[in-house]
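An overview of the molecular structure
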Amino acid sequence: MAVQVRRLVRVYGDHQLGVRALDGVDLGFARGSFTAVMGPSGSGKSTLLSCVAGLDRPTEGEILVDGENVTFWNEEARTQLRRERIGFVFQSFHLMPYLTAAQNVALPLRLAGRKADPRLVRTLLEHVGLAERAGHLPAELSGGQQQRVAIARAFVTSPAVVLADEPTGALDSATAKDILRLLRGAASDLGQTIVMVTHDPVAASYADRVVFLVDGRIAGQMEHPTVDAVAGQLAHLDQLVATGAAVTR
Ligand SMILES: Nc1ncnc2c1ncn2[C@@H]1O[C@H](COP(=O)(O)OP(=O)(O)OP(=O)(O)O)[C@@H](O)[C@H]1O
């Protein structure tokens, strides 16, 4: 398993009265798998990503990255974990505006104190179809191209997992499909493990599996998701939440 979370609980505020953002989540993410995490607003999706990334500490439970228990690592070790073993893709790209595409891709290696091999950077930019734009600044690239640079950057350290938070949320649907095909291919062809939070059933249909969260708990999983099946399950979950059926403990 690239990543495993066991009995993960994250309570914000008072232990008894606080918000249980995650309430006993057990999940494994196999190497080379592409998982979509879905659920209503406030269901715990971002908290799950933050815990896996080591940005947030679980209240209870364990997190294993490449089989190593990282739950109790100190701040410094978790910063290193984020730099070297976790890749990030955000909705709003988060590229450094004053660095070229190639320099942005190389940045995680530099931050990790490693040498940025120009051939690796070039190969990654070729892989995302941007070899010709290596010297361009983000402002000179379209949104879809900027997201491709961000994806190449996320892959540069060969991380255990790439965490993508609404990676297509800011893109038109045709560009979004290109990005999703790229992520799909990275999992299938390069064996890159990907976990993607999304609200979009089309985006989720590119994944191998969808995990549905409600109130910090797993409310269902779907293998080989289709757009219609995902949309149907989301409507069903919304109904459960609206009637309060999902919040009984
Ligand atoms: N720092 C915090 N302090 C207090 N409560 C928090 C904090 N972060 C999240 N929460 C609460 O934890 C719950 C889960 O939040 P989370 O952001 O993980 O949900 P989400 O599924 O990502 O939602 P969205 O789809 O709206 O982004 C929510 O009730 C939220 O209000």
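The rules behind the values
- Residues numbered from 1 in each chain as written.
- Predicted model: local features only at pLDDT ≥ 70, side-chain atom pairs only at ≥ 80, totals over all residues.
- Helix = DSSP H or I, 4+ residues; strand = E, 2+ residues; numbered from the N terminus.
- Rg over C-alpha atoms; globule rule 2.2 N^0.38 Å.
- Buried ≥ 20, exposed ≤ 12 C-beta atoms within 10 Å, placed from the backbone.
- Contact = placed C-beta atoms within 7 Å.
- Axes fitted to C-alpha atoms, helices over the stretch in contact; angles between N-to-C directions.
- Parallel < 35°, antiparallel > 145°, perpendicular 65-115°, else oblique.
- Left-handed = near helix turned anticlockwise from the far one by under 90°.
- Pairing = 2+ DSSP bridges.
- Near = placed C-beta within 6 Å.
- Expected span 1.5 Å × (residues − 1).
- Arc of directions from axis to C-beta.

Naming follows an unreviewed UniProt entry, where the chain appears as Putative ABC transport system ATP-binding protein of Jiangella mangrovi.

Focus on the overall build of the chain
A count of helical and extended segments in the chain gives eight helices and ten strands. For the chain, the C-alpha radius of gyration of 18 Å lies close to 18 Å, the compact-globule estimate for 249 residues. Counting over 249 residues, the chain shows a buried share of 43%. Taking all contacts inside the chain whose residues are at least 6 apart in sequence as the whole, residues at least 24 apart take part in 68%.

Structural notes on the packing of helix α5 (residues 143-155) against helix α6 (residues 173-190)
For the pair α5 and α6, interaxial distance at closest approach is 9 Å and the crossing angle is 15°. Put simply, α5 runs roughly parallel to α6. The handedness of the crossing between α5 and α6 comes out as right-handed. Here Gly143, Gly144, Gln147, Arg148, Ile151 and Phe155 of α5 come into contact with α6, specifically with Thr175, Asp178, Ile179, Leu182 and Ala186.

Some words on the pairing of strand β1 (residues 3-12)
Relative to strand β2 (residues 19-29), β1 runs antiparallel, the two being bridged by eight bridges. Residue Leu8 lies in a different strand from β2, and its bridge partner there is Val25. The turn linking β1 back onto β2 is made up of six residues, and Gly13 within it adopts a positive phi angle of 85°. Taken together, the five bridges between β1 and strand β4 (residues 60-65) define a ladder with antiparallel strand orientation. Each bridged residue has a counterpart across the sheet, and for Gln4 the counterpart in β4 is Leu64.

Topic: the environment of Leu109
Mapped onto the secondary structure, Leu109 falls in helix α3 (residues 101-111). Between the C-alpha atoms of Leu109 and Ser205, which are 96 residues apart in sequence, the distance is 32 Å. Setting aside residues no more than four positions away along its own chain, Leu109 makes contact with Arg114, Ala116, Val156 and Thr157.

Some points on the site of the ligand
If you check the shell around the ligand, you find Tyr12, Val19, Ala21, Gly39, Ser41, Gly42, Ser43, Gly44, Lys45, Ser46 and Thr47 and nothing else. Those elements that place two or more of their residues in the shell around the ligand are β2 and α1 (45-53).

Let's talk about unusual backbone geometry
Here the phi dihedral of His94 falls at roughly 55°; this positive angle occurs in a residue that is not glycine. Within the element layout of this structure, His94 appears in the loop between β6 (86-90) and α3. Residues other than glycine seldom take positive phi values, yet Ser158 does so here, at roughly 50°.

Details of α6
Taking 1.5 Å of rise per residue, the 18 residues of α6 would be expected to cover 26 Å, and the 25 Å separating its terminal C-alpha atoms lies within 8% of that figure. Residues Ala176, Ile179, Leu180, Leu183, Ala186 and Ala187 constitute the buried set of α6. For α6, the buried positions fall inside an angular range of 115° around the axis, keeping them on one side. Seen from the buried face of α6, the exposed residues on the opposite side, beyond 90 degrees, are Ala174, Arg181, Asp189 and Leu190. Close packing links the buried residues of α6 with β3 (34-38), α5, β7 (161-165), β8 (194-197) and α7 (201-204).

Some thoughts on the sheet that holds β8
If you walk across this open sheet you meet the six strands as β6-β7-β8-β3-β9-β10, and the pairing is mixed. The open sheet is flanked by β6 and β10 (217-223), the only strands paired with a single partner. Taking the axes of each pair of neighbouring strands and ignoring which way they run, one obtains an average angle of 20° across the sheet. The pairing of β3 with β8 spans four bridges and is parallel.

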